[in-house]
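# Inside the fold
Each chain, written out:
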Amino acid sequence: MSITCMSIFSQKSVNFIISNEYKTPVSYANVYCRESGKGAYSDMNGRVKISDILENDTLVISCIGYEKRLVLASELTDTIFIKTYTKKLKEFKVRSEYKREVIGIKRKSFIVSHSEGRFTGSINGITFSNTRESFIENISLFIEKPEDSSRTRFLLMIYSVDDSTSFPLKSILTRQLFFDVTARGWSTIDLDSINIRVTGDFFIGIESVPNFSFSDAPAYFDWVDKPTAKYRCVTYLFSEMPMTWIWGYSGDKYYYGIDGTEDGAHNNFPLIKATIKY
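Our subject in this report is the structure included herewith. Because the structure is a prediction, the values reported are computed rather than measured. (Residues numbered from 1 in each chain as written. Predicted model: local features only at pLDDT ≥ 70, side-chain atom pairs only at ≥ 80, totals over all residues. Heavy atoms only, no water.)

### Quick notes on the overall build of the chain
Secondary structure assignment for the chain yields one helix and 21 strands. Burial analysis of the chain (278 residues in total) assigns 49% to the buried set. Contacts in the chain between residues at least 24 apart in sequence constitute 76% of all its contacts with a sequence separation of at least 6. Accessible surface, the chain: about 14200 Å² in total, of which carbon and sulfur atoms supply 48%. (Helix = DSSP H or I, 4+ residues; strand = E, 2+ residues; numbered from the N terminus. Buried < 20%, exposed > 50% of the residue type's maximum accessible area, 1.4 Å probe, protein only. Contact = heavy atoms within 4.5 Å. Areas by Shrake-Rupley, 256 points an atom, 1.4 Å probe, with all protein chains shown as cover.)

Take a look at the structure:
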C-alpha cells in the first residue's frame, strides 16, 4: 500500500522502508527529525516507524557504510533509497614492522563514575589528537555488566572530526561492527585486516542501538528496564587535554563532556582503548 501525505499527516506518523541501491533492506539506519528530535532505527527488514512528524519536517537518514540523505516528510514514499558509501583508498606502503601504541583509557582503576548502555540512541566516545599517519589495529570496550539477553547492542563508531569542534563528522568505517557483550571485561574488535588509516584527529565511540533479536527491543530514546548489558564509564584525571570526551544523541546532536575541577577532572569517559600502529 502506498503512503500518501493525507495518511501520514492525519495520523502524524510515518512508516517506510530504507533500502540500498541494490534493493536490499538496510538495518540499523538512523532516522532523525531535525525539528522535533524524534527518531528511530530501521529494523532487520529496513522498516522505520516514527510518530509526531509534520509535513515540513526534515528527516536525516544515516548509516555506517552509506551516504547521509535528507528527506522532507512531505516527499516520503514507501521505500527510501540510500547509496553505498564508496571510500577512495589512498595509496600507502605496507611495512613488515610497525611501532604500536595503546591510546585511550588504559586502566580499569580510575574512579568509576557509572555504567551506560541502557538508553537507545545515546552516543558516548572520545576524540583523540593525532598528528601522524597511523592504522587502528583494534579497539576494546570494558563491559561492566555482561548480558546474554541484552536488549541493546553496542555499535562501534570511528569518525573523522570537525577541526573546529572535535565533533564526529564522517564515518571511517564502511560496515557495521558490534561489541560482544556476553562476558565481563575487555571486549575487543580486531580491525587489522580492514586497514583503517587515520591521518588527523579522530573519534572513537559507542552507539547504543536496539537489539532486534527481541520482540520487545526498545524504541529510539527509550530507557531499557529489562535485561541489558552495560559498559563502564570513569572519571579521568589529567592536567592537560590529550583527549576530548564527546557525547550526544544519534542523529545530529553532539556535546562536550562536563569539565570538572581545575585540576583537570573530566567525568564519564567511556572505558575504551585502541591499539594503533605507525
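The rest of the description comes next.
### A word on the sheet that holds strand E3 (residues 39-41)
Taken in spatial order, the four strands line up as E3-E2-E5-E6 in an open sheet, and their pairing is antiparallel. Unpaired on one side and paired on the other, E3 and strand E6 (69-72) mark the two borders of the sheet. For this sheet, the mean angle separating the axes of adjacent strands, direction not counted, is 20 degrees. Bridging between strand E5 (residues 58-62) and E6 involves four bridges; their strand directions are antiparallel. Residue pairing across strands places leucine 59 opposite valine 71, the latter belonging to E6. (Pairing = 2+ DSSP bridges. Axes fitted to C-alpha atoms, helices over the stretch in contact; angles between N-to-C directions.)

### Observations regarding the pairing of strand E4 (residues 47-51)
Only one face of E4 is buried: it carries Val48 and Ile50, and the other face, with Arg47, Lys49 and Ser51, is open. Strand direction decides the pairing type here: strand E1 (residues 13-20) and E4, joined by five bridges, are antiparallel. Across the sheet, residue asparagine 15 finds its bridge partner in E4, namely lysine 49.

### Observations regarding the nonpolar core
Of all hydrophobic cores here, the largest spans 51 residues; its most connected members are Ile136, Ile139, Phe154, Leu156, Ile158 and Leu191. The set of elements that each furnish at least two residues to this core consists of strand E10 (122-128), strand E11 (134-145), strand E12 (152-161), strand E15 (196-198), strand E16 (202-210), strand E17 (230-237), strand E18 (243-249) and strand E21 (272-277). Counting residues per element, this core draws most heavily on E12, at seven residues. Excluding residues that lie within four positions of it along the chain, isoleucine 136 makes contacts with Ile158, Leu191, Asp192, Ile196, Val198, Phe202, Thr275 and Ile276. Residues Phe16, Ile18, Val48 and Leu59 belong to the second largest nonpolar core, which totals 19 residues. (Core = buried A, V, L, I, M, F, W, Y, C linked by side-chain atoms within 4.5 Å.)

### Regarding the pairing of E16
Within a regular beta strand, the side chains point alternately toward one face of the sheet and then the other, so they alternate between its two faces. Within E16, nine of the nine residues are buried, leaving the element largely enclosed by the surrounding structure. Where E10 lies against E16, six bridges are found, and the strand directions are antiparallel. Looking at E16, one finds that isoleucine 126 is bridged to isoleucine 204. Note that E12 and E16 share nine bridges and pair antiparallel. Across the sheet, the residue bridging to serine 160 is phenylalanine 202, located in E16.

### Section: the packing of aromatic side chains
Per the counting criterion, the structure on display carries 17 aromatic pairs. Centre to centre, the rings of phenylalanine 167 and tyrosine 254 are 6.1 Å apart; their planes meet at 45 degrees, and the pair counts as tilted. Within this pair, whereas phenylalanine 167 is found in the loop between E12 and strand E13 (168-171), its partner tyrosine 254 is found in strand E19 (residues 253-256), the two being separated by 87 residues in sequence. Grouping residues by exposure puts phenylalanine 167 and tyrosine 254 together as buried. An aromatic cluster of at least three residues, connected via ring pairs, comprises Tyr41, Phe119, Tyr220, Phe221, Trp247, Tyr249 and Tyr255. Taking the ring centre of tyrosine 278 as reference, the NZ or CZ of arginine 132 above it sits at 3.5 Å. Positioned above the aromatic ring of tyrosine 98 is the side chain of lysine 277, whose terminal nitrogen or guanidinium carbon lies 4.6 Å from the ring centre. (Phe/Tyr/Trp six-rings, centres within 6.5 Å; stacked < 30°, edge-to-face > 60°. Lys NZ or Arg CZ within 6 Å of the ring centre and 35° of its normal.)

### A few points about the pattern of salt bridges
Think of it this way: side chains of opposite charge can pair up when their charged atoms draw near. All told, the structure shown has nine salt bridges when counted by the stated rule. In this structure, the salt-bridge partner of glutamate 144 is arginine 184, at a minimum N-O distance of 3.6 Å. Of this pair, glutamate 144 sits in strand E11 while arginine 184 sits in the loop between E13 and strand E14 (185-190), and the two are 40 residues apart along the sequence. Judged by relative accessible area, glutamate 144 falls into the partly exposed class, the value being 23%. A residue is classified by how much of its surface remains accessible, and arginine 184, at 52% relative accessible area, is exposed. In this structure, aspartate 216 engages lysine 226 in a salt bridge whose closest nitrogen and oxygen atoms are separated by 3.0 Å. You can see aspartate 216 sitting in the loop between E16 and E17 and its partner lysine 226 sitting in the loop between E16 and E17, a full ten residues away along the chain. Here aspartate 216 falls in the partly exposed class, since its relative accessible area comes to 30%. (Salt bridge = Lys/Arg side-chain N within 4 Å of Asp/Glu carboxyl O.)

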